[in-house]
Amino acid sequence: MLIDLVSKNGTMVLNIPGRPDGTIDSKEIAVLDALTAWMQSNGEAIYDTRPWKVYGEGPGKLDTREFKGDSIKNLGVHDIRFTRNKANTVIYALVLGWPAGEFVVESLGTGSSVQAGKIKEVQLLGTGKKLKWKQVADGLRVELPNEYHPKADYAAALKIFLT
């Protein structure tokens with residue numbers, strides 16, 4: 001939900017209910033721990049970013065008019081959300097899940113109506129690894145490293161450098 005909201009220039013309020021003595025229970029701690037783990041590796045794609053030309057692509061939609069937690073279940077590895085840095089030299093593509101094998105980011109293709117521009121490098125945040133990728137007419141084709149699996153695999157965050 002956080003990724004979807006940020007891609008649309010929105011914000012998210014996180015409400016953690018406390019007990020009368022100020023402590024929180026193990027379920028809330030687990031949520032905070034998971035969010036913290038993901039943000040430590042991928043926060044660059046969230047903090048100090050701006051919306052890109054399009055908020056995202058893919059079949060899944062999130063109902064953000066009011067909190068509807070079940071609508072998150074509609075999102076998956078075929079859904080991608082975008083942010084960018086202030087200078088517009090880096091696009092972050094956040095794949096909402098952890099795809100197996102090659103996947104395609106259609107909005108970043110040379111034939112896309114979005115006209116992203118020419119890509120010079122693609123990295124997986126949290127690793128600094130350069131990925132196997134190719135920008136073609138139908139999209140940016142990317143393959144994640146088989147040997148790497150993150151602690152928090154809610155979304156694979158790609159850092160895409162433009163020329």
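Please read all numbers here as calculations on a predicted model, not as lab measurements.

Rules used in this analysis
Residues numbered from 1 in each chain as written. Predicted model: local features only at pLDDT ≥ 70, side-chain atom pairs only at ≥ 80, totals over all residues. Heavy atoms only, no water. Helix = DSSP H or I, 4+ residues; strand = E, 2+ residues; numbered from the N terminus. Buried < 20%, exposed > 50% of the residue type's maximum accessible area, 1.4 Å probe, protein only. Pairing = 2+ DSSP bridges.

## Side note on the environment of Gly101
Right, on to step 1. Here Gly101 lies in the loop between β3 (90-95) and β4 (102-105).
Right, on to step 2. Take Gly101: its relative accessible area is 37%, and that puts it in the partly exposed class.
Right, on to step 3. Separated by 45 residues in sequence, Gly101 and Asn146 have C-alpha atoms that sit 8.1 Å apart.

## Details of the sheet that holds β3
Right, on to step 1. One open sheet accounts for six strands, arranged β1-β2-β3-β9-β5-β6; its pairing is antiparallel. A single partner strand is all that each edge strand has here, and the edge strands are β1 (50-57) and β6 (129-130).
Right, on to step 2. Judged from the four bridges that link them, β1 and strand β2 (residues 80-84) form a sheet pairing that is antiparallel. Among the inter-strand pairings, Glu57 is bridged to a residue of β2, identified as Ile80.

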